[in-house]
Amino acid sequence: MKDLCKEVNFDCSEKGMQVQSMDSSHVALISVVMHESAFSEFKCDRPLSLGMNVESLIKIMKMTGPSDSLKIMHKVDSDLVSFQCEGSDDRISEFDMRLMQIENEHMEIPEQHYKVVAKMPSAEFQRICRDLKEFGETLQLTGDKNGLKFAVQGDIGSGNVLLKPRESEKPEEKVSLQIHEPVTASFALRYLFNFSKAAPLCGTVTLGFAADAPLLVQYDLESEEKGHVKFYLAPKLDE
Amino acid sequence: MKDLCKEVNFDCSEKGMQVQSMDSSHVALISVVMHESAFSEFKCDRPLSLGMNVESLIKIMKMTGPSDSLKIMHKVDSDLVSFQCEGSDDRISEFDMRLMQIENEHMEIPEQHYKVVAKMPSAEFQRICRDLKEFGETLQLTGDKNGLKFAVQGDIGSGNVLLKPRESEKPEEKVSLQIHEPVTASFALRYLFNFSKAAPLCGTVTLGFAADAPLLVQYDLESEEKGHVKFYLAPKLDE
Amino acid sequence: MKDLCKEVNFDCSEKGMQVQSMDSSHVALISVVMHESAFSEFKCDRPLSLGMNVESLIKIMKMTGPSDSLKIMHKVDSDLVSFQCEGSDDRISEFDMRLMQIENEHMEIPEQHYKVVAKMPSAEFQRICRDLKEFGETLQLTGDKNGLKFAVQGDIGSGNVLLKPRESEKPEEKVSLQIHEPVTASFALRYLFNFSKAAPLCGTVTLGFAADAPLLVQYDLESEEKGHVKFYLAPKLDE
């Protein structure tokens, strides 16, 4: 998230928390949804938006350990949000962060009918994006009967990685591919590489794409019922 | 040490070696004492001071492995100090370093009667200093019946970490706290973070402080009989 | 290789592939020989040179995993060389790299009769070069009855590492030394440190030197039958 946006609104309601934000160049959109069930306790009396600076938020998150419990609190009419972190030992960390007023028009993202839907190991997606961005700026993504092809062209030559559907007992090693119609579309590798850094969230990532439509890159939070992080990226039409 | 001073005197006597040096801004003082018992062999016929450049010393120390034996030698009237390092294999490394004349007034540090003395895991102290320095320049340290509180204020908000006394069979996981009188005092986080990098020396660190007095941050070398590294830091009075 | 030359020719013949290149200042020469037996399959119908940019080649190599199989192909009259990499899973990566025309006069390197030949752990050679380059620019290398001595002089003093012949059941821990005649010669540490980075190729490294002759630093590819990487470095005569 920190590579895409500087300030975001955490929209809270009785259903949970969510963030929706476009990057500054309006090419990419990030949508984070944390349902009530993603929290061990959740209470929200009236809907409101908490505007936060992403970099400050990361500094606070760095104070929390992976097995600590974290409590996020906001009182009506306060301009602070409080983070309280308790470790298994007797250490208690607290931080009160000043809230910001951030203008944000919430967009309804229409349910897309993707022609190609691929589910693959998130670490492998990250590696492909990292490797290919060395050779060029644009990824040509193709889904057809041969598999899922990531291709790039640049000054020093051209390359591609081809993934075929692959069975595995471990879901995070499987590659599954639904092709309703063969599709080739182009996307900026720089964004894809930033998206792919979300790999620690989930062992698998789902890609959905169609001609002339935004690409979906989706990571679930453990299970889809708890929530997800969805990235959308506009295609590069002229290439 | 290298973050605080560029050149230091190693004062040698029959009792061992010690270094005492203030940082360039005269806010912090480091005092290293290595008693004779800290060495497998020690001999010093007459007291003298060996002036060394800290950065050069570190380069030489990097040539030694953790299980190598190191011999430090200086002959009367020589302007060199010799380092001889023998590994378990048949490798022998030697380095003759040119000594420097460094002016240094040795100060007597009066025994302080600290109002609060806390002993805690050195890794935890390092982590708290590292995390909190992201939020502000000044640490407000409070010792009272609630525990030991590290608080910071800055542009993005205010935070604190509270440590309570904690029992453990492992001494390096214990937190013990003696409060003769509740105290709150302020110190520059930048220095504390530099001090806290000495954590590999010892699993525990001792903090001693009082109102309007320098803070003591002490690491023992295995046991206090072998020696110690003590850092002193002047309080920030106006905050 | 990447620290020494920007563009190199891979000379292919029915015997295998080899690279020979001088660095830009003509002080060092690298010679890589990969015999036919180093490949699981090898076919070359007619001798030719494939000119490649080293940095681009490294980017492509980064796409291959340590247990992947790599196929390098070039078709007659094509200005491309193709790299095809297959992992144990069903991932196939391909890259077509544009070839370059690189002028390169192949030199015959006369077989040298070194006065001193030393074989030692490659990791230890790397460590000595890394440590000593901190103290000065020139390594004085001496082989005599005392052993193999790496000495350096600089502003802060002078140092040396002495290695004695050492037996071990593990070949990569042995130090063996043949002294036909005692020799002392001087070489630029910066180059030696770059050479020593080839340590992952082979557990041992062989040094050969004589007075007023280039130093040989040789790493075998598993066994000498498969090939080798040889570095040659002109001595520093005036020091």
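What counts, and where the lines are drawn
- Residues numbered from 1 in each chain as written.
- Chains lettered and ligands numbered in written order.
- Predicted model: local features only at pLDDT ≥ 70, side-chain atom pairs only at ≥ 80, totals over all residues.
- Heavy atoms only, no water.
- Helix = DSSP H or I, 4+ residues; strand = E, 2+ residues; numbered from the N terminus.
- Rg over C-alpha atoms; globule rule 2.2 N^0.38 Å.
- Buried < 20%, exposed > 50% of the residue type's maximum accessible area, 1.4 Å probe, protein only.
- Areas by Shrake-Rupley, 256 points an atom, 1.4 Å probe, with all protein chains shown as cover.
- Lys, Arg positive; Asp, Glu negative; His and termini not counted.
- Charge placed at Lys NZ, Arg CZ, Asp CG, Glu CD.
- Domains from an automatic or database assignment.
- Contact = heavy atoms within 4.5 Å.
- Buried area = accessible area lost by both parts, 1.4 Å probe.
- Polar contact = N/O pair within 3.5 Å; in protein donor to acceptor, adjacent residues only side chain to side chain.
- Nonpolar A, V, L, I, M, F, W, Y, C, P; charged D, E, K, R; others polar.
- Pairing = 2+ DSSP bridges.
- Axes fitted to C-alpha atoms, helices over the stretch in contact; angles between N-to-C directions.
- Least-squares fit on C-alpha atoms with pLDDT ≥ 70 in both.
- UniProt positions renumbered as here; feature names shortened; annotations may be inferred.
- Salt bridge = Lys/Arg side-chain N within 4 Å of Asp/Glu carboxyl O.
- Phe/Tyr/Trp six-rings, centres within 6.5 Å; stacked < 30°, edge-to-face > 60°.
- Lys NZ or Arg CZ within 6 Å of the ring centre and 35° of its normal.
- Left-handed = near helix turned anticlockwise from the far one by under 90°.
- Core = buried A, V, L, I, M, F, W, Y, C linked by side-chain atoms within 4.5 Å.

Trainee: I'd love a proper account of the overall build of chain A, names of residues and values included.
Mentor: Summing up its helical and strand segments, chain A has three helices and 16 strands in all. Here the C-alpha radius of gyration of chain A, 20 Å, is about what a compact globule of 239 residues would show, namely 18 Å. Per-residue burial for chain A yields a buried fraction of 47% across its 239 residues. Total accessible area on chain A stands at roughly 13000 Å², and carbon and sulfur atoms take up 47% of it. Of the side chains in chain A, 27 bear a positive and 39 a negative charge, and the two mean positions are spaced by 4 Å.

Trainee: If you had to explain the domain arrangement of chain A to someone new, which residues and values would you point to?
Mentor: Residues and elements named next belong to chain A. Segmentation of chain A into domains returns domain 1 (7-98) and domain 2 (116-233). Computed over C-alpha atoms, the centres of domain 1 and domain 2 are 28 Å apart. Counting residues at the interface gives 13 residues for domain 1, matched by 13 residues for domain 2. Both faces considered, domain 1 and domain 2 share a buried interface measuring about 990 Å² in area, 58% of it formed by carbon and sulfur atoms. Across the contact surface, domain 1 and domain 2 share seven residue pairs in polar contact (both at pLDDT 80 or more). Its residues assigned to classes, the side of domain 1 that touches domain 2 shows eight nonpolar, four polar and one charged.

Trainee: Run through the sheet that holds strand 3 (residues 28-35) of chain B, naming residues and quoting values.
Mentor: Residues and elements named next belong to chain B. The antiparallel open sheet is built from nine strands, whose spatial order is 4-1-2-3-16-15-14-8-12. Edge strands, defined here as strands with exactly one partner in the open sheet, are strand 4 (48-53) and strand 12 (176-179). Taken pair by pair, the neighbouring strands of this sheet meet at an average axis angle of 15 degrees, ignoring direction.

Trainee: So, the relation of the copies chain B and chain C: which residues are in play, and what are the values?
Mentor: Mapping chain B onto chain C is achieved by rotating through 120 degrees and translating by 0.1 Å along the same axis, at an RMSD of 0.1 Å. Both chain copies can therefore be described as sitting about a three-fold axis.

Trainee: Let's hear about the UniProt feature "domain: Proliferating cell nuclear antigen PCNA C-terminal" (unreviewed entry) in chain A: which residues, and what values?
Mentor: When the UniProt feature table is mapped onto this chain numbering, "domain: Proliferating cell nuclear antigen PCNA C-terminal" (unreviewed entry) sits at residues 109-236 of chain A. As annotated, residues 109-236 of chain A has a helix share of 15% and a strand share of 45%, and its two end C-alpha atoms lie 19 Å apart.

Trainee: I'd like a description of the interface of chain B and chain C, backed by residues and values.
Mentor: By convention, interface size is frequently given as the accessible area that disappears when the constituent parts associate. Listed per partner, the contact involves 17 residues of chain B and 20 residues of chain C. Summed over both partners, the interface of chain B with chain C comes to about 1600 Å²; 51% of that surface belongs to carbon and sulfur atoms. For the chain B face of the interface with chain C, the top three residues by lost area are Asp90, Arg91 and Phe95 of chain B, together amounting to 34%. One can count one salt bridge joining chain B with chain C.

Trainee: Talk me through the interface of chain A and chain B; I want residue IDs and the actual numbers.
Mentor: Contacts between chain A and chain B engage 17 residues on the former and 20 residues on the latter. A combined buried area of about 1600 Å² lies between chain A and chain B, and 51% of that area is made up of carbon and sulfur atoms. Of all residues in chain A, Asp90, Arg91 and Phe95 of chain A bury the most surface against chain B, accounting for 34% of the area lost on that side. Summed over the shared surface of chain A and chain B, the number is one salt bridge. Linking Arg91 of chain A and Glu124 of chain B is a salt bridge whose minimum nitrogen-to-oxygen distance equals 3.4 Å. Remark: the boundary between chain A and chain B carries 10 residue pairs in polar contact (both at pLDDT 80 or more). Of all elements in the fold, only helix 1 (54-61) and strand 7 (91-98) of chain A reach the threshold of two or more residues within the side of chain A that touches chain B.

Trainee: Give a description of the packing of aromatic side chains that names residues and reports values.
Mentor: Within the structure shown, the criterion is met by 15 aromatic pairs over all chains. Between the aromatic rings of Phe195 of chain A and Phe231 of chain A, the centroid separation amounts to 4.5 Å while the plane-to-plane angle is 15 degrees, which identifies the pairing as stacked. With Phe195 of chain A in helix 3 (residues 189-196) and Phe231 of chain A in strand 16 (residues 227-233), this pair connects stretches of sequence that are 36 residues apart. Aromatic side chains Phe95 of chain B and Phe135 of chain C sit 4.2 Å apart centroid to centroid with 35 degrees between the ring planes, which places their arrangement in the tilted category. In this pair, Phe95 of chain B is assigned in strand 7 (residues 91-98) and Phe135 of chain C in the loop between helix 2 (122-132) and strand 9 (138-144), connecting two distinct chains. Each member of the pair Phe95 of chain B and Phe135 of chain C is classed as buried. Within the aromatic cluster, the residues linked to one another by ring pairs are Phe195, Tyr219 and Phe231 of chain A. Stacked on the ring of Tyr191 of chain B, the Lys or Arg Arg190 of chain B has its end atom at 4.8 Å from the ring centre.

Trainee: Lay out the environment of Met63 of chain C in plain terms, naming residues and giving numbers.
Mentor: Residues and elements named next belong to chain C. With respect to the helices, strands and loops of the structure, Met63 is situated in the loop between helix 1 (54-61) and strand 5 (69-73). Using a relative accessible area of 4% as the deciding quantity, one classes Met63 as buried. Between the C-alpha atom of Met63 and that of Ala151, which follows or precedes it by 88 residues, the distance is 40 Å.

Trainee: Quick one: what's the story with the side chain of Asp23 of chain C, residue by residue and with numbers?
Mentor: All names here are of chain C. When you line up the elements, Asp23 lands in the loop between strand 2 (16-22) and strand 3 (28-35). Among the polar contacts made by the side chain of Asp23, one reaches the side chain of Ser25 at a distance of 2.5 Å. From its side chain, Asp23 meets the backbone nitrogen of Val27 in a polar contact 2.9 Å long.

Trainee: How would you summarise the sheet that holds strand 7 (residues 91-98) of chain C if you had to cite specific residues and measurements?
Mentor: Sheet architecture is open: seven strands sit in the order 13(A)-9(A)-10(A)-11(A)-7(C)-6(C)-5(C), paired in antiparallel fashion. Edge positions in the open sheet fall to strand 13 (183-188) of chain A together with strand 5 of chain C, since each of these has one partner strand only. Direction aside, the axes of adjacent strands within the sheet are offset by 15 degrees on average. Relative to strand 11 (residues 157-163) of chain A, strand 10 (residues 147-154) of chain A runs antiparallel, the two being bridged by seven bridges.

Trainee: Tell me about the environment of Lys149 of chain C, and please be specific about residues and values.
Mentor: Mapped onto the elements of the fold, Lys149 of chain C is located in strand 10 (residues 147-154). Spatially, the C-alpha atom of Lys149 of chain C lies 8.8 Å from that of Lys164 of chain C, the residues being 15 residues apart in sequence.

Trainee: Residue-level account of the pattern of salt bridges, with values.
Mentor: Inspection of every chain in the model, using the stated rule, returns 27 salt bridges over all chains. One salt bridge in this structure joins Glu173 of chain C and Lys170 of chain C, with 3.8 Å as the shortest N-O distance. A relative accessible area of 37% places Glu173 of chain C in the partly exposed class. Judged by relative accessible area, Lys170 of chain C falls into the partly exposed class, the value being 46%. Residues joined in a network through salt bridges with shared partners are Arg91 of chain A together with Glu124 and Arg166 of chain B.

Trainee: Give a detailed account of the packing of helix 2 of chain C against helix 3 (residues 189-196) of chain C, specifying residues and quantitative values.
Mentor: Residue and element names in this part refer to chain C. Relative to each other, helix 2 and helix 3 sit at 145 degrees, their axes nearing to 9 Å. The crossing of helix 2 and helix 3 is left-handed. Contacts between helix 2 and helix 3 involve Phe125, Gln126, Cys129, Arg130 and Leu132 from the first element and Leu189, Leu192, Phe193 and Ser196 from the second. The residue inventory of the contact of helix 2 with helix 3, partitioned by class, reads six nonpolar, two polar and one charged.

Trainee: Which residues make up the nonpolar core, and what values go with them?
Mentor: Within the largest apolar cluster, 177 residues are counted, with the highest numbers of intra-cluster contacts made by Phe150 of chain A, Phe150 of chain B together with Phe150 of chain C. Discounting residues that sit within four places of it in the chain, Phe150 of chain C has contacts with Met120, Phe125, Ile128, Leu132, Leu139, Gln140, Leu141, Gly159, Asn160, Val161, Leu163 and Leu207 of chain C.

Trainee: Just give me the short version of the environment of Ser122 of chain A, but keep the residues and values in it.
Mentor: All names here are of chain A. Its location among the elements puts Ser122 in helix 2 (residues 122-132). Measuring from C-alpha to C-alpha, the distance between Ser122 and Pro200 comes to 8.1 Å, with 78 residues separating the pair along the chain. For Ser122, the contacting residues outside a window of four places in its chain are Ala199, Cys202, Gly203, Thr204, Val205 and Tyr219. Within the structure, the side chain of Ser122 is placed 2.6 Å from the backbone oxygen of Cys202, a separation counted as a polar contact.

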